[in-house]
Protein chains: 2
Amino acid sequence: MRAFSISALACFVLCTAAQTFQRLGGCPDLGCIFPPDQVDFLAGQYFDIRLEVHSPVNGSEARVGEPDENFTFTIAKKGKKPVPATLYFNLDEPKLERWNFTWYEDLFAQDASKPSLVNVTSKIYRRVALYEPGEYEATLSYYGEQRTVANWLVRDLPPKRRAKNVVMFIGDGMTTNMITAARLIAHRSVNGKYMTKMALDKFPVLGHQMTHSMDSFITDSANSATALYSGHKTTVNALNVYVDSSSDPFDDPRFETISEVFRRRYPNSGVGIVSTAFLADATPAGLAAHTSNRGEYDHVIGAYYEGLKDHEWTDWDGPDVLLGGGAEDFLESEKTRDYYKLFAEKGYNIAWNNTALDSAPDNEKLLGVFQKSNLATWLDRNVYQANLLNQSNYPDGSGRDAEDLPGLRDMTLKAIDVLDKRHKKDGWFLMSEAASIDKQMHTLDYDRALGELLELDDTIRATIEKLERLGQLEDTLIVVTADHGHGFDVTGSVDTKYMDAQDNDRSKRNAVGYYGKSGLSQYTVAGPNSLQYSEGVHFPARWDPRYTLHSGVTAFPDRRENYQVHSEGPRTPAEAADNEKNGYFASYKDAVTGFVVNGTLPLDKGEGSTR
Amino acid sequence: MRAFSISALACFVLCTAAQTFQRLGGCPDLGCIFPPDQVDFLAGQYFDIRLEVHSPVNGSEARVGEPDENFTFTIAKKGKKPVPATLYFNLDEPKLERWNFTWYEDLFAQDASKPSLVNVTSKIYRRVALYEPGEYEATLSYYGEQRTVANWLVRDLPPKRRAKNVVMFIGDGMTTNMITAARLIAHRSVNGKYMTKMALDKFPVLGHQMTHSMDSFITDSANSATALYSGHKTTVNALNVYVDSSSDPFDDPRFETISEVFRRRYPNSGVGIVSTAFLADATPAGLAAHTSNRGEYDHVIGAYYEGLKDHEWTDWDGPDVLLGGGAEDFLESEKTRDYYKLFAEKGYNIAWNNTALDSAPDNEKLLGVFQKSNLATWLDRNVYQANLLNQSNYPDGSGRDAEDLPGLRDMTLKAIDVLDKRHKKDGWFLMSEAASIDKQMHTLDYDRALGELLELDDTIRATIEKLERLGQLEDTLIVVTADHGHGFDVTGSVDTKYMDAQDNDRSKRNAVGYYGKSGLSQYTVAGPNSLQYSEGVHFPARWDPRYTLHSGVTAFPDRRENYQVHSEGPRTPAEAADNEKNGYFASYKDAVTGFVVNGTLPLDKGEGSTR
């Protein structure tokens, strides 16, 4: 924003502080425009505009007086005269809103419970769009001479539709290093050359993306889903809105997502959403929800069911196929309607297990919810199946165990069958998420995370085959991407037999082999109890070799490491102290034969951090 | 190798063990062929063939009897009859060699000092080549019915020379995560979008490579330099040879490198070697040396000076330009000839400082050695220059300080001037290495490592400009690659002021901000003592902001972290105990205000590990 660079020399202390503990992300000035500076739109993409003027009462920015009630706002196409926004968009002047909020300027202020108070005046322009490609300048004028300028770029739509269908695979939290590790344990190499390749290795084009948030250099799955689906970067925890300073999680300025744009432009097109997470989770939610708080699960399921009802928006009426976990958000409760009933009334078949998924008719809409919480991992579904028992997680809420579970591949292939049957002519968009790469990396459960990644790769391979069989491969764009990552890497091998035989934390570390002592992957060598899956090519032949991977993440809570598969179920690396103010400590039972590594993360964090 | 897959069912225990602690890498059988199975050659590329037959005396593979003296070896082009190698290559039968060696089968055997002894018979065929593209099968027959088969692929040379010149930039130990971190501290972003790009970001093609060793899934710079320059993957510590089991580091089977192939095919072409490491180090050495031990520094400098003299090989007679550090290996001593004198006699100008480098004539050969050991880092040369004093490291051995030092950019641009002047017609190959990305990551000195990476990027930018000015850009292929990596990542920010104010290891960790609390990079915000370098675009405006990066590596010795720049000089994270058997412990003075993180690596390792 221009005001920022004009005043940069005068506000070292303030600006420096504001970069980490921020009054409001995307608004370094006292006047805020959302969408902010440097934003791109598609021509015709709907969005809201939120304006705020701040009057800090105390703290380093304190000023005397109320926030400006008479701020003005203009839009100018580059080279043309600024026009008041109401005129430009042919809207009535929105009513002035008022609120206040508090924030902490740094950790010292937070420890001392000394928040800074800010009074706010605000207006919002609902559902506008810029139809003409080019550069725009949006200007907020306030407090007399003060200006905040946002430069916007409107990109033209391509004249020709390039692909009829799109499959977007999201490996949540997946990094190149994890792909390398997955390849290492599942594909056999001879003298440094792989004898087989991952499906991921065969893609013709490779690129990188920068996943920074608008106001932080780390993102989360909500913010990154927003960026992937809408082209707009926002704030951690936000779904398809810029975060304003009001306390209401539903009044923030929205922008249109790919599913909404696609349905608006091609009314007979299909949309499918598949995830191994609970379906109210951020990555699937990003295709329907608009809220600054990803934790508003009922809003998410409601948005799948009926779109947005609080303000005028698009005519989005839900996906054709919606498959995943998270039954608790569909079951009737004090907070939640009986969504199973509502979806059924709207014409959806409901599937609660893999058998029902498989036999559901392809020509009708389909809701599949297969258990409470996130779906069980590939490793537990395929190798350590005893971990599926005694979970009381059947999706109907009956308290039975969910044992007949589909994996990502089953769900994705079924979704394609439904979309292809219903929308062969007009095309479809499918998002398929391997969610537990991220979830298992958070708990430092590298084996389970890599199992999920290999299942994603297997799903990609099977999807390509399926599209070829359906005659749709040439008309389908397939994109595989991560949304953010974890600082994970493999740095050698561990002789687990040797580690188990040592009796103290320091000597256990001598079990680690690095450089030339890393040896070769033993996960590809069949063992006496080894799982033969798909001729041993796509998954490890065994998960418990004597020589395992020396792997880890760069940021972690206190933990114990024994570098062995957690065959009794997903990992819990750290446990909260009895007095929770004392934070998390390494869990002893998580890795009894391992050694302690004290953490690098804040004490209130029991999981690994992301990047 | 075929013998491996035929016997796989019968030798679970043996094969499993052999994958980590190996009798001899690339040789799971008792008969060994080097080059081994799955190797590629360029048509006409010279190589040696080493054959070995093993007779283990004790240990899990023990057998009765001496190693076979009458083994036979044949070569067959695919679809044709096998021909004895002597006939195929028109060579005399090499003489039979004999030796023995010992190895440990695992850590328990090593702790108990119980090695396994192996007797060996062997032959070597020197300097052969396969000229006809296609698939070959090399077969060693021994102990009657036993066979080891190596499948080789000979690739055709392209009919047309695609590029006249090549610049190969190697960021030693550089990963995508480090590039992300470097971009973050040196380039300003607004609302999640970068206002400037790295030179690296502007390349038209992006790819990944797999850096596994032949016999280990981790590589080192010697092995990876070998792979980059020759197309052959070998063993950690080896330079342009496959490692046989003899104790002699100079008798191993060699293969021709890009510098040798290039000079053989284009006798008037030029070769340049530039590195910020000591010049006998692995990455520059890979363009001249052939040895199984990268520590044979005199062999390396000798190979720059006069090529290989012990066996018939190519007519390689040294690079046109050789610039870097490591003066100790050029100074006359009991072990080393006076290489400065020898290079001068051969027509090289000798430069010992940046002024002499700059003024050296472009039409003559040039040796530039600017200090002892590795060149000082960009951070010490440009920001914390006091660290250059009292080093007694002037390259003439006089004991003065080397203060007038070139950086990677100065050396690379000068090398291009010399190569362009001397070989404009026939073309040239230049390797330019940013060595201390790796060296500073080993010591967990993230700031210095990122400074080196940014200097590499600045060098790439300046190289493109220089080539454009010389009219050579269209005729020059520019490749930027890493050779291996460190498991490094950035996971948030640290309020160093808050951390410094806390008085115990656990509460210091609350200074870490993750996700939305990471904020924005403060390295791009000018401070009172900030360095303005190249308009603040290519390097950080400051290295000591209050809010720094929360970064780290996945595998490390015991260390302390305060996440602050080490302004007093490069970092030493761990120190050996008084009784060195007890291994390394975190250095207190390395980060006085930080907290301890106990390591994940063997106790004898005082540095971070690589991947």
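Residues numbered from 1 in each chain as written. Chains lettered and ligands numbered in written order. Predicted model: local features only at pLDDT ≥ 70, side-chain atom pairs only at ≥ 80, totals over all residues. Heavy atoms only, no water.

Caption draft 1: Spotlight on the sheet that holds strand β1 (residues 31-34) of chain B. Residue and element names in this part refer to chain B. Strand order in the open sheet formed by four strands is β1-β3-β7-β6, with antiparallel pairing between adjacent strands. Two strands close off the open sheet at either side, each with one partner strand: β1 and β6 (97-103). Taking the axes of each pair of neighbouring strands and ignoring which way they run, one obtains an average angle of 25° across the sheet. (Pairing = 2+ DSSP bridges. Helix = DSSP H or I, 4+ residues; strand = E, 2+ residues; numbered from the N terminus. Axes fitted to C-alpha atoms, helices over the stretch in contact; angles between N-to-C directions.)

Caption draft 2: Summary view of the UniProt feature "binding site: Mg(2+)" (unreviewed entry) in chain A. Residue and element names in this part refer to chain A. In the UniProt entry, the feature "binding site: Mg(2+)" (unreviewed entry) is given for Asp172, Asp281, Thr283 and Glu433. In summary, the annotated positions, though distributed over 262 residues, converge in three dimensions, the widest C-alpha pair being only 11.5 Å. Tracing the chain through its elements places Asp172 in the loop between β10 (165-171) and α5 (176-186). The exposure class of Asp172 is buried, given its relative accessible area of 2%. Excluding its chain neighbours within four sequence positions, the residues that come into contact with Asp172 are Ser221, Thr283, Glu433, Ala434, Ala435, Ile437, Asp438, Asp483 and His484. Within the structure, Asp172 has its side chain in polar contact with the side chain of Ser221 (distance 3.0 Å). Apart from the residues lying within four places of it in its own chain, the contact partners of Thr283 are Ile170, Asp172, Ser221, Ala225, Tyr229, Met431, Glu433 and Asp483. (UniProt positions renumbered as here; feature names shortened; annotations may be inferred. Buried < 20%, exposed > 50% of the residue type's maximum accessible area, 1.4 Å probe, protein only. Contact = heavy atoms within 4.5 Å. Polar contact = N/O pair within 3.5 Å; in protein donor to acceptor, adjacent residues only side chain to side chain.)

Caption draft 3: Geometry of the relation of the copies chain B and chain A. Take chain B, turn it by 180°, move it 0.0 Å along the axis, and it overlays chain A with an RMSD of 0.0 Å. Such values leave the two copies arranged in the relation of a two-fold axis. For chain B, the smallest separation between a C-alpha atom and the rotation axis is recorded for Thr554(B), amounting to 2.3 Å. Interface overlap between copies: 100% of the residues of chain B at the interface are likewise at the interface in chain A, consistent with a symmetric, same-surface contact. (Least-squares fit on C-alpha atoms with pLDDT ≥ 70 in both.)

Caption draft 4: The pairing of strand β16 (residues 365-369) of chain B, seen in detail. Residues and elements named next belong to chain B. Among the five residues of β16, five are classified as buried, and the element is accordingly described as predominantly covered. Covered by surrounding structure in β16 are Lys365, Leu367 and Val369 together with Leu366 and Gly368, the residues of both alternating faces. As judged from the four bridges shared by strand β14 (residues 321-325) and β16, these two strands associate in the parallel manner. Across the sheet, the residue bridging to Leu322 is Leu367, located in β16. Strand direction decides the pairing type here: strand β15 (residues 348-351) and β16, joined by four bridges, are parallel. In the sheet register, Tyr348 faces β16, and the bridge partner there is Lys365. Each parallel crossover has a hand, and the one from β15 via helix α11 (residues 354-359) to β16 is right-handed. (Right-handed = clockwise from strand over helix to strand, strands pointing away.)

Caption draft 5: Fine view of the sheet that holds strand β21 (residues 547-553) of chain A. Residue and element names in this part refer to chain A. With respect to topology, three strands assemble into an open sheet ordered β20-β19-β21, the strand pairing being antiparallel. Both edges of this open sheet fall to β20 (512-513) and β21, since each of them pairs with a single strand only. In this sheet, β21 lies alongside strand β19 (residues 488-495) in antiparallel orientation, the contact comprising seven bridges. Its bridge partner being in β21, Ser493 is matched across the sheet by Leu549. α5 contacts β19 and β21 of the sheet and is inclined by roughly 35° relative to β19.

Caption draft 6: Fine view of the interface of chain B and chain A. Across the contact, 108 residues belong to chain B and 108 residues belong to chain A. Each partner contributes to the roughly 9300 Å² buried at the junction of chain B and chain A, and carbon and sulfur atoms together form 57% of this total. Taken as a group, Phe217(B), Arg506(B) and Tyr515(B) account for 9% of the area that chain B buries against chain A, more than any other trio of residues on that side. Our count for the contact surface shared by chain B and chain A stands at eight salt bridges. Where chain B touches chain A, the interface holds 35 residue pairs in polar contact (both at pLDDT 80 or more). Top contributing element to the side of chain B that touches chain A by residue count: strand β19 (residues 488-495) of chain B, with seven residues. (Buried area = accessible area lost by both parts, 1.4 Å probe. Salt bridge = Lys/Arg side-chain N within 4 Å of Asp/Glu carboxyl O.)

Caption draft 7: Molecular detail of unusual backbone geometry. All names here are of chain A. Following Phe34, the chain continues into Pro35 via a peptide bond in cis, with omega recorded as 5°. With respect to the element layout, Pro35 can be found in the loop between β1 (31-34) and β2 (39-42). The phi torsion at Asn90 lies on the positive side, around 55°, for a residue other than glycine. Looking at the element boundaries, Asn90 is found in the loop between α3 (85-89) and β6 (97-103). By relative accessible area, which is 70% here, Asn90 ends up exposed.

Caption draft 8: Spotlight on the side chain of Ser230(A). Residue and element names in this part refer to chain A. Relative to the assigned elements, Ser230 resides in helix α6 (residues 221-230). The class for Ser230 is buried, based on a relative accessible area of 10%. Within polar-contact distance, the side chain of Ser230 engages the backbone oxygen of Thr226 at 2.6 Å. Not counting residues within four places of it along the chain, the set of residues in contact with Ser230 comprises Gln45, Asn240, Phe255, Glu256 and Thr257.

Caption draft 9: Main features of the domain arrangement of chain A. Residues and elements named next belong to chain A. Each assigned domain of chain A is listed with its residue range as follows: domain 1 (2-155) and domain 2 (165-173 + 205-482). If you average the C-alpha positions of domain 1 and of domain 2, the two centres end up 33 Å apart. Taken together, the contact between domain 1 and domain 2 spans 24 residues of the former and 21 residues of the latter. Between domain 1 and domain 2, roughly 1800 Å² of surface is buried when both sides are summed, and carbon and sulfur atoms account for 54% of that area. Considering only the side of domain 1, the residues that lose the most area to domain 2 are Tyr46, Arg126 and Arg127, jointly responsible for 30% of the buried surface there. Connecting domain 1 to domain 2 are four salt bridges. (Domains from an automatic or database assignment.)

Caption draft 10: Structural view of the nonpolar core. Counting 170 residues, the largest nonpolar core has Leu323(A) and Leu323(B) as the members making the most contacts within it. The contacts of Leu323(B), once residues within four sequence positions are left out, are Ile273(B), Val274(B), Ser275(B), Leu279(B), Leu357(B), Leu366(B), Leu367(B), Gly368(B), Phe370(B), Met411(B) and Ala415(B). (Core = buried A, V, L, I, M, F, W, Y, C linked by side-chain atoms within 4.5 Å.)

Caption draft 11: Quick look at the state of the cysteines. All names here are of chain A. A full pass over the atoms with the stated rule returns two disulfides over all chains. Here Cys27 is linked by a disulfide to Cys32, with a sulfur-sulfur distance of 2.2 Å. The chirality of the disulfide connecting Cys27 with Cys32 is left-handed, given an S-S dihedral of about -75°. Across the pair, exposure class does not vary: Cys27 and Cys32 are buried alike. (Disulfide = S-S within 2.5 Å.)

Caption draft 12: A look at the packing of α5(A) against helix α15 (residues 446-469) of chain A. Residue and element names in this part refer to chain A. For the pair α5 and α15, the least separation of the axes is 9 Å and the interaxial angle reads 85°. If you check the angle between α5 and α15, you find them roughly perpendicular. Taken together, the residues of α15 that come into contact with α5 (itself represented by Met178, Ile179, Ala181, Ala182, Ile185 and Ala186) are Leu450, Leu453 and Leu454. Among the residues forming the contact of α5 with α15, the class breakdown is nine nonpolar, no polar and no charged. (Parallel < 35°, antiparallel > 145°, perpendicular 65-115°, else oblique. Nonpolar A, V, L, I, M, F, W, Y, C, P; charged D, E, K, R; others polar.)

Caption draft 13: Spatial organisation of helix α13 (residues 408-423) of chain A. For α13(A), built from 16 residues, the straight-helix expectation of 22 Å at 1.5 Å per residue is met to within 8% by its first-to-last C-alpha distance of 22 Å. Of all the residues in α13(A), the buried ones are Leu408(A), Met411(A), Thr412(A), Leu413(A), Lys414(A), Ala415(A), Ile416(A), Val418(A), Leu419(A), Asp420(A) and His423(A). (Expected span 1.5 Å × (residues − 1).)

Caption draft 14: Local environment of the packing of aromatic side chains. Using the criterion set out here, one finds 53 aromatic pairs over all chains in the structure. When the centroid spacing of 6.3 Å and the interplanar angle of 5° are considered together, the rings of Phe556(A) and Phe556(B) count as stacked. Taken as a pair, Phe556(A) in the loop between β21 and β22 (559-561) and Phe556(B) in the loop between β21 (547-553) and β22 (559-561) lie in two separate chains rather than in one. The residues Phe556(A) and Phe556(B) share a single accessibility class, namely buried. (Phe/Tyr/Trp six-rings, centres within 6.5 Å; stacked < 30°, edge-to-face > 60°.)

Caption draft 15: Expanded view of the pattern of salt bridges. Residue and element names in this part refer to chain B. Evaluation of the coordinates by the stated rule reveals 84 salt bridges over all chains. Notably, a salt bridge pairs Asp201 with Arg183, separated by 2.7 Å at the nearest N-O pair. One end of the pair, Asp201, is in the loop between β12 (193-194) and α6 (221-230); the other, Arg183, is in helix α5 (residues 176-186), with 18 residues separating them in the sequence. Judged by relative accessible area, which is 23%, Asp201 ranks as partly exposed. For Arg183, a relative accessible area of 7% corresponds to the buried category.

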